[in-house]
Amino acid sequence: MSAVILLLLTGWTVSRSQNKLSIENVYSSYLRNSGTIKENQQIKGYFFFYQSDKVDRKTNEYTLQILDENLNKVRDLKFEDNKKINLLEAAYNGNSLSFLFQDEKERTLTMKIYSLEGKLKYTYASEYSKKTEAFLEQMSQGRSSEEGGNQNVFDVGAKGYATIMPVRDGKDFTYEVDFYGSAKKSSWKYIPDNDQRFSVAEYLGNTDSLIILQVLSRKRLMSNNMNAHLVGINFVTKKLVFDIDGDKDEYRLLPTSVKRKDDGTFLVMGTYCDKDDNVVKSASKGLAIYEINTAGKIISKKYNSWEKDFAKYLHTTGKGKIDEVGYLCIHNLILTADGKLTVVGEGYKRQISAGGTALKALSMVAAGTDAGIGATKITITDMVVMTFDEQFNVTGAQIYNKTNNPATIGSVADYVSQHAVALMLKSIGAFDYDFTTSDNEKESFSICYSDYERGGDYKGLTFNTIHYSAGKFTKDKIKLKSKTSKLKVFPAKPGSVMIFEYFKKDKRIDIHLEKIS
């Protein structure tokens, strides 16, 4: 990529705090490429990347906009580039911003890292093969699902960023992890060395030295016998630290979430099933919580079953479902100062109206195709908040009702497990959960989600908060009636949220702060 810088950084300071800002001449805006800037878990600003002009038939102008927590403009960076350049994803790691670009013509991927002052620090470029090209085309086609979280670019703290990308090597399907330094210029690549013909990796989280992945693998491409692994890669030493397959455990864990603890260990939560069960097809028995150190040693394990433990607080079935809610997708783990744990989940239902085979679905995945709308109907249901004591025994669960919403993830949903369905729904932004904010003392927090009301005296979007303080939960909401093309709510300074609205016809972004209780 050879971007032509048109306008040098034009930073300015505004002493007066403002609560609203309009940005004109926005030709396209992808919500994936916007985000918050934090310091000590508190909001200090925002960044937005958008197309700001069409220079000619082959060239576009782009703008990186940086704001402070009061919506004052801090930096503007504008540059021109070929219209074939696609911004795939963006991330922020506390002291820099990263942007992953794809050049379709040159068949290159370029990672650009900027300082918070808007200065370009480092550029990393690499070519990709024709075998990877089909995957990148799928990513571009999925841009209508821009509200989902990042699928491939992740911050791993102050040292830099990691990308998790699928790779086809001959007849084998695997993955690679690339690290890009932000404190100093350095990069490296990790590709697993094993005998598995098919492996797919999902980023779960990181510590100050580890990238933690869930890896599903099998020896034969069309086999239904999948193995679930928890993999830890040290991005300082560039080595594999652990690969936990659960062979010695009582049950088989399918990890979905990671939470760092202050003592250097981390929690892993996921569903679990019997060791002989098929992880793709079998229903889960409950939720498991493992505490693990950075060497990969399992310190403790706790299993809470749907049938016995959760049944005290929820109407559950023996197949991992909650009555009227369905299956659970885990969004966040919240540790409070007293050592207790709160888990944020959201329900989804799947109804299959026609049969199929996993072989067909896996063939479509391997070929990088999807036959279109499948026979599985997906419905997003209610929020579920669960509490656990210091030993991670479940102590309560509360359902927060909201409007059911349909979701579409293609015909592959006809054949994969509920766990895989949850991952797909999360990646395209189908769930209504937005984010969680907390105070520095870890004594109170707010779980935030969107809803759409269709009855009563109001019809439209609402923004909802479930607030925890002094051992009690309370609920609040604000109405978000708008004629905007796109709307997203971001966390903001204490007592507020930031509302982002994009008006496509007017080529305008409106941003304002909204008070919440």
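The residue count restarts for each chain, going from 1 along the sequence in the order it is written. The predicted nature of this model means local features are confined to residues of pLDDT at least 70 and side-chain atom pairs, given and counted, to a pLDDT of 80 or more, with totals for whole chains, interfaces and linings taken over all residues. Only hydrogens and water are removed before side-chain values are computed, so all heavy atoms of the structure are retained for them.

1. A word on the confidence of the model for the chain
- With 83% of its residues at a pLDDT of 70 or more, the chain shows a mean pLDDT of 82.
- Per-residue confidence from the predictor is reported as pLDDT, a score between 0 and 100. A run of H or I in DSSP counts as a helix once it spans at least four residues, and a run of E counts as a strand once it spans at least two, with each numbered from the N terminus. Per-residue pLDDT, averaged within each element of the chain, yields its smallest value for strand E1 (residues 4–7) (30) and its largest for strand E26 (residues 394–400) (97).
- Contacts between residues were defined by any pair of non-hydrogen atoms, one from each residue, lying within 4.5 Å. Scored below 50 in pLDDT, residues 139–146 shows 17 contacts in the model against residues more than four places distant or in partner chains.

2. Remarks on the sheet that holds strand E19 (residues 251–260)
- Paired strands, in this sense, are two strands between which DSSP finds at least two bridges. Spatial strand order, E19-E20-E21-E22: four strands in an open sheet with antiparallel pairing. Unpaired on one side and paired on the other, E19 and strand E22 (298–305) mark the two borders of the sheet. Recorded for the sheet is a direction-independent mean angle of 25° between the axes of neighbouring strands.
- Taken together, the seven bridges between strand E20 (residues 266–274) and strand E21 (residues 286–292) define a ladder with antiparallel strand orientation. Orientation is described by lines fitted to C-alpha atoms, with helices fitted over the stretch in contact, and by angles between N-to-C directions that extend from 0 to 180 degrees.

3. Some points on the pattern of salt bridges
- A pairing counts as a salt bridge when a side-chain nitrogen of Lys or Arg comes within 4 Å of a carboxyl oxygen of Asp or Glu. Within the structure shown, the criterion is met by eleven salt bridges.
- Here Lys261 makes a salt bridge to Glu291, at a shortest N to O gap of 3.0 Å. With Lys261 in the loop between E19 and E20 and Glu291 in strand E21, the pair connects residues that are 30 residues apart, well separated along the chain.
- Residue Arg508 pairs with Asp510 through a salt bridge whose shortest N-O separation is 2.9 Å.

4. A closer look at helix H3 (residues 418–427)
- Remark: exposure states derive from per-residue accessible area (1.4 Å probe, protein chains only) relative to the maximum for the residue type, with buried under 20%, exposed over 50%, and partly exposed in between. Burial of H3 is extensive: seven of the ten residues sit out of reach of the surface.
- Taken as a whole, H3 has its buried residues at Gln418, His419, Val421, Ala422, Met424, Leu425 and Ser427.
- Of the residues one or two after H3, Gly429 is the one with positive phi, at around 75°.

5. Some thoughts on empty space enclosed by the protein
- Here a cavity is any set of points on a 1 Å grid over the protein atoms alone where a 1.4 Å probe fits but cannot get out, and a pocket is any open set with protein on both sides within 12 Å along at least 5 of 7 lines; a residue lines the site when it has an atom within 4 Å of a point. Grid points are joined across faces, edges and corners, and a volume is the space filled by probe spheres set on the points. Here the structure, examined in full by the defined rule, presents two cavities of 30 Å³ or more.
- Taken as a whole, the largest cavity spans an internal volume of roughly 290 Å³.
- Forming the boundary of the largest cavity are 24 residues, of which Thr256, Thr271, Leu328, Tyr348 and His419 lie nearest the centre.
- For the lining of the largest cavity, the secondary structure elements donating two or more residues are E19, E20, strand E23 (327–335) and H3.
- With five residues, the top contributor of residues to the lining of the largest cavity is H3.
- Lining of the second largest cavity is provided by 14 residues; of these, Leu230, Ile244, Asp245, Gly246 and Leu253 occupy positions nearest its centre.
- When residues of the lining of the second largest cavity are traced back to their parent elements, those giving at least two are strand E17 (227–234), E19 and E21.
- Element by element, the count of residues in the lining of the second largest cavity is highest for E19, at four residues.

6. A few points about the nonpolar core
- For this analysis, a nonpolar core means a set of buried residues of the types Ala, Val, Leu, Ile, Met, Phe, Trp, Tyr and Cys, connected via side-chain atoms within 4.5 Å. The biggest cluster of nonpolar side chains holds 21 residues, and the ones touching the most others in it are Met269, Phe310, Leu341, Val343, Met386 and Phe388.
- For this core, the elements supplying multiple residues, two or more each, are E20, E21, E23, strand E24 (341–352), strand E25 (376–388) and E26.
- Broken down by element, this core gets its largest block of residues, four residues, from E23.

7. Brief notes about the packing of aromatic side chains
- When two rings of Phe, Tyr or Trp (its six-membered ring) have centres within 6.5 Å they constitute a pair, described as stacked for plane angles under 30 degrees, edge-to-face for angles over 60, and tilted for the intermediate range. Under the criterion given, the structure shown has 30 aromatic pairs.
- On the basis of an interplanar angle of 75° and a centroid distance of 6.1 Å, the ring pair of Tyr348 and Phe431 is categorised as edge-to-face. Of the two residues, Tyr348 is situated in strand E24 and Phe431 in the loop between H3 and strand E28 (433–438); the sequence distance between them amounts to 83 residues. In terms of burial, Tyr348 and Phe431 fall into one category: buried.
- Ring geometry for Tyr468 against Phe473: centres 5.0 Å apart, planes inclined by 50°, an arrangement best described as tilted.
- A relative accessible area of 29% means that Phe473 is categorised as partly exposed.
- In textbook terms, an aromatic cluster arises when at least three aromatic residues are bridged by ring pairs, as seen for Phe47, Phe49, Tyr62, Phe79, Phe99, Phe101 and Tyr114.
- Lying over the aromatic face of Tyr124, Lys185 brings its terminal NZ or CZ to 5.7 Å of the ring centre.
- Ring-over charges, as used throughout, are those where CZ of Arg or NZ of Lys falls within 6 Å of the ring centre and within 35 degrees of the ring normal. Between the NZ or CZ atom of Arg508 and the centre of the ring of Phe503, over which it lies, the distance is 4.4 Å.

8. Comments concerning unusual backbone geometry
- Located in the positive-phi region is Arg107, a residue other than glycine, with phi close to 55°.
- For Arg107, the position within the fold is in the loop between strand E8 (96–103) and strand E9 (108–115).
- Located in the positive-phi region is Phe392, a residue other than glycine, with phi close to 70°.
- You can see Phe392 is positioned in the loop between E25 and E26.

9. Side note on the pairing of E28
- When E28 meets strand E29 (residues 445–453), the two strands line up antiparallel, connected through five bridges. Residue pairing across strands places Tyr433 opposite Tyr449, the latter belonging to E29.
- The turn joining E28 and E29, which pair antiparallel and follow one another in sequence, is formed by six residues; a positive phi near 60° is taken by Lys442.

10. A look at the sheet that holds strand E2 (residues 20–24)
- A sheet is described by the order of its strands in space; here four strands give the open sequence E2-E34-E33-E32, paired in antiparallel fashion. Strands at the two margins of the open sheet, each flanked by one partner only, are E2 and strand E32 (486–491). Ignoring which end each strand starts from, the neighbouring axes of this sheet average 15° apart.
- Where E32 lies against strand E33 (residues 496–503), six bridges are found, and the strand directions are antiparallel. Considered in E33, the bridge of Lys488 is made with Phe500.

11. Re the pairing of E17
- Most of E17 sits inside the fold, with seven of its eight residues counted as buried.
- For strand E16 (residues 210–218) and E17, the ladder comprises eight bridges, and the chain directions are antiparallel. Each bridged residue has a counterpart across the sheet, and for Gln214 the counterpart in E17 is Leu230.
- Where E17 meets strand E18 (residues 239–244), five bridges bridge the pair, whose relative direction is antiparallel.

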